[in-house]
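Structural characterization, general
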Amino acid sequence: MSTIREAFADEPAFLPYLAVGDPDAEASVEYIEALERGGADVIELGLPFSEPIAEGPTIQSAVVRSLEGGMTPTKFFETVSRLTVDVPLVCMTYYNLIYRFGEEGGPKPFVERAAAVGIEGLVVPDLPAEEADPLREACDTYGLDLVFIVAPTTRGERLERIMDRVSGYVYVQARLGVTGARADVSTRTTESLDRLAEWDVPKAVGFGIKTGEHAREVIAAGADGVIVGSALVDLIAEGHNDGDSTAEVADRLEAKARELKGGALEGAGIEAEVEAENGGEPGARPERK
Amino acid sequence: MSERASKPDEERNADPGSGSASTAGDDGERPGTYGEYGGQYVPEALMPAIEELDDVYERYVLENDEGFMDDFEARIRDFGGRPTPLQHAEQLSERYDFEVYLKREDLLHGGAHKLNNALGQCLLAKYMDKERIVAETGAGQHGTATAMAAAHLGLDCEIYMGERDIRRQRPNVFRMRLNGAQVNPVEAGRGTLKEAISETMRDWATTVEDTHYVIGSVVGPHPFPAMVRDFHRVIAEEIREQSIEKFDALPTSVVACAGGGSNTMGAFAAFTDSEDSAVGLVAVEAGGSSLSVDEDRGVAPNSASLSTGSEGVLHGARTKLLQDGYGQIMESHSISSGLDYAGVGPELANLVDTGRVRAVAVDDDRALEGFHRLSQEEGIIPALETAHAIAWLDEADSAEVGERVVLNVSGRGDKDLESALEETAKRDLDIAPDMHVFDAQAMTDSDEVAETNGQDVNEGAQ
Ligand SMILES: Cc1ncc(COP(=O)(O)O)c(C=O)c1O
């Protein structure tokens, strides 16, 4: 079993996302460590692309900050190779950066390099199953999982086509549209989870999850994990705008991670562990029943 | 190691090739690919809509189901004003040692070729029972055409337009508003066509169930490049017929400007078969201020993706792109908003690779000369996009283009008058009219300001 799949084995998983290099690589390293301390089971590392068509305003701005700070695929891999965290890492990026990496053309050099720096899976939001075989092959060669997104509109034959290719986990898109934190959890999540119920693959729900309460609802509806991006990226952006230190922002990320992981555990009827060092932080604890 | 998803009660076939069989063509190639180019690189949320579109494209457009194409042809005639004339350009023919014929798409309703596609897709949306239209626009011509077609067919319409282009193309923004469309400014990046397409795709990913995306050129995921070409094919079919009527032969060359390439593919579509290989096809791109690129700043001061681009994936298709060494898309530039794009249609990219179409580039300065030349010599003020094709005639070698050149006048220049005024004033062009009268106007304005302020403008300058 891949380490990514294992991350879902015992309890609901929490999968935070951030754009590496937002606002710079050093800060990202600290943020990633903070997310691990806060209970991350898998971390999705965004490699910024200039045309992020699946992203809402929050992550678009993070991508701009990162690119303006000089982030490139090479620097991304350097940064990842320095990480000492003990959770599986998934790279989320757009196909052109994968396709163009290295001299020979095609996805292989990118996947080889990703594997070399310890990345264990890829998510590529602009690569539907129809176009994915070259990347699937490269991932098989280097032992990476390839995660696919299942949308509320995905049914029938399309679902089968995705299931023929997915490994690691399925990214269940909670609603139509682009990424971004929302005020509520869509009812379409439940419908999607129902359609996927017969498949033996972890189901992680993303797009719009913002609070521990959302995480609880999604897990209670049958998901195996929750993916949270914009709500965390918002904390980074606010800290950046207010001139707060990296350590302050990292603390907030850790607390938010605890809230989300706690909500996820609660959704499965598991009580969150009480972490002594985090006492008193507002919003840090999931609400107890 | 990675293991695939499986249904516990059923042995799944893990062969990665097996699932795609239903979309493979007879020759084993996926439909919508042109050599190396094309494909469908879009978020999964859009794929079901794209599959549906592929299906209705085949039924309605290719097979004329429910008389769709008859309906389209009647409307593009009565509402659009087709056929457009093929006009002999007498002064230009005297100037060059070949005959020049102008395909007058500028006379189509709305003032550009764009209506062919906009009306076709809006009508298709109607047949698909979609209530809402979204579209991107660069020069505002596609937005204008879409707003008109949507009003004509009673559809709701929202247009995304880069804020920079909104400033460059103000009259078109007002036209869209007059036709009842909402215009949404896009502030990302340089605020041009690339950002407008990305933002429209985001809208569509949210609203796909009741909305159709009327893409404005032969770009994007399959079936868009093929479908947009087919709605514009009428340009080439008329050129063919009118040429035989007028000079009893096919043109020796067809010349068109290329941004995404819709007027280009439209003008070429009836000549790409091998039996017409004697008809030369020339795509004229925007050379901007220079064909070089600034990799560090991620800026290409041109939009010449056919001439200088490399293969990559953007906005749903694999094609030729302006990109840096890592595959980040560059900010493009052109004096004309409609050509200001870092990509190009996949079929056109392939026709250039196979040598069927010749790609050339014309820079901003010469395009502006072309703008003035057609205005002065033929009494037709062209769009700045078209002006690139006109300017290229100046360097066309008659041994190469032959004796009868058809130039596609993709649009008229009314939308560009403000830009043309500004850009002409910046340059010292022999061909330009005397701009003195505008300078005098500017001076009078500043005199008035100085007077009302009660002081001499020069006073503080010591
Ligand atoms: C008049 C005119 N010509 C040409 C173009 C370029 O588009 P395409 O390359 O798709 O023909 C535009 C685009 O806005 C246009 O308005």
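A brief structural summary. All residue numbers here refer to positions counted from 1 along the written sequence of the relevant chain. Starting at A for chains and at 1 for ligands, labels are handed out in the order in which the entities are written. Per-residue local features are limited, in this predicted model, to residues with pLDDT of at least 70; the limit for side-chain atom pairs, both in listing and counting, is 80 or more; totals at the level of whole chains, interfaces and linings are taken over all residues. The side-chain numbers reported here are obtained from all heavy atoms of the structure, hydrogens and water having been left aside.

Structural notes on the overall build of chain B
- Per the secondary structure count, chain B includes 17 helices and 14 strands.
- Counting only residues that meet the buried cut, chain B has 61% of its 462 residues in that class.
- Counting only contacts in chain B whose residues sit at least 6 apart along the sequence, the fraction spanning at least 24 positions is 72%.
- Accessible area for chain B stands at about 17900 Å²; split by element, carbon and sulfur atoms hold 45% of it. The helix count covers DSSP runs of H or I at least four residues long, the strand count covers runs of E at least two residues long, and both are numbered beginning at the N terminus. Burial classes follow relative accessibility: with a 1.4 Å probe on protein chains only, a residue under 20% of its type's maximum area counts as buried, one over 50% as exposed, and anything between as partly exposed. A contact between two residues is defined here by any heavy atoms of the two lying within 4.5 Å. The accessible surface values rely on the Shrake-Rupley method and a 1.4 Å probe; as for residues, cover is taken only from the protein chains in view.

Quick look at the site of the ligand
Residue and element names in this part refer to chain B.
- The local shell around the ligand holds 18 residues, among which Ser 217, Gly 259, Gly 261, Ser 262 and Ser 410 are the closest.
- A distance of 2.8 Å is found between an oxygen atom of the ligand and a backbone nitrogen or oxygen belonging to Asn 263.
- N or O atoms within 3.5 Å of each other form a polar contact, as long as, within protein, one can give a hydrogen and the other can take it, and as long as residues adjacent in sequence are counted only when both atoms are side-chain atoms. Contact distances for the ligand include 2.6 Å between a nitrogen atom and a side-chain N or O atom of Ser 410.
- Look at the ligand: alone it shows 390 Å² of surface, and the protein chains cover 97% of it.
- For this classification, Asp, Glu, Lys and Arg are treated as charged, while Ala, Val, Leu, Ile, Met, Phe, Trp, Tyr, Cys and Pro are nonpolar and the rest, including Gly, are polar. Residues of the shell around the ligand, tallied by class, amount to 5 nonpolar, 11 polar and 2 charged.
- Each domain's extent is set by a domain assignment, obtained either automatically or from a database. Residue contributions to the shell around the ligand reach at least three from each of two domains, namely domain 1 (39-78 + 113-227) and domain 2 (86-110 + 229-422). Definition of nearness: a residue and a molecule or strand are near each other if at least one heavy atom of the residue lies within 4 Å of the molecule or strand.

Quick look at unusual backbone geometry
Residues and elements named next belong to chain B.
- Of note, the bond from Arg 82 into Pro 83 is cis; its omega dihedral lies within 30 degrees of zero at -5 degrees.
- Within the element layout of this structure, Pro 83 appears in the loop between helix H2 (68-78) and strand E3 (86-88).
- Residue Pro 223 is bonded to the preceding His 222 through a cis peptide linkage, with omega at 15 degrees.
- Examined against the element boundaries, Pro 223 turns out to sit in the loop between strand E8 (211-213) and helix H9 (224-247).
- Even without a glycine there, the phi angle at Asn 64 is positive, about 55 degrees.
- By secondary structure assignment, the location of Asn 64 is in the loop between helix H1 (47-62) and H2.
- Positioned with a positive phi, Asp 129 is a non-glycine residue whose angle comes to about 60 degrees.
- The residue Asp 129 is located in the loop between helix H4 (115-127) and strand E5 (132-137) in this model.

A word on the sheet that holds E8(B)
Residue and element names in this part refer to chain B.
- Whether two strands pair comes down to DSSP finding at least two bridges between them. On the basis of which strands lie adjacent, the open sheet formed by 4 strands has the order E7-E6-E5-E8 and parallel pairing. For this open sheet the edge positions go to strand E7 (182-186) and E8, each flanked by a neighbour on one side alone. Strand after strand, the sheet turns through a mean of 25 degrees between neighbouring axes, direction not considered.
- Note: E5 against strand E6 (residues 156-162), 6 bridges, orientation parallel. Opposite Thr 137, over in E6, you have Met 161 as the bridge partner.
- Its contacts with the sheet place helix H5 (residues 141-153) against E5 and E6, and it is angled at close to 165 degrees to E5. Fitted lines through C-alpha atoms give the axes, limited to the stretch in contact for helices. The angle between two N-to-C directions lies from 0 to 180 degrees.

A few points about the environment of B:Phe72
Residue and element names in this part refer to chain B.
- Checked against the element boundaries, Phe 72 lands in helix H2.
- Among the residues examined, Phe 72 registers a relative accessible area of 3% and is labelled buried.
- Residues Phe 72 and Gln 121 lie 49 residues apart in sequence; the distance between their C-alpha atoms is 9.6 Å.
- Excluding residues that lie within four positions of it along the chain, Phe 72 makes contacts with Asn 116, Leu 119, Gly 120, Leu 123 and Phe 231.

Looking at the packing of aromatic side chains
- Ring geometry is summarised as follows: Phe, Tyr and Trp rings, the Trp one being its six-membered ring, pair when their centres sit within 6.5 Å, and such pairs are stacked at plane angles under 30 degrees, edge-to-face over 60 and tilted between the two. Taken as a whole and assessed by the stated rule, the structure comprises 19 aromatic pairs over all chains.
- An angle of 15 degrees between the planes, with centres 5.7 Å apart, marks the rings of A:Tyr95 and B:Tyr41 as stacked. Highlighted residues: A:Tyr95 in helix H5 (residues 95-100) and B:Tyr41 in strand E2 (residues 37-41), drawn from two different chains.
- Relative to B:Phe224, the ring of B:Trp204 lies with its centre 6.1 Å away and its plane at 65 degrees, an arrangement referred to as edge-to-face. Of this pair, B:Trp204 sits in helix H8 (residues 193-207) while B:Phe224 sits in helix H9, and the two are 20 residues apart along the sequence. Judged on exposure class, the residue B:Trp204 and its partner B:Phe224 are both buried.
- An aromatic cluster of three or more residues is present, and its members are B:Tyr60, B:Phe68, B:Phe72, B:Tyr127 and B:Phe231.
- Only when the NZ atom of a Lys or the CZ atom of an Arg is both within 6 Å of the ring centre and within 35 degrees of the ring normal do we say a charge sits over the ring. Sitting over the face of the ring of B:Tyr60, B:Arg59 holds its NZ or CZ atom 4.9 Å from the ring centroid.

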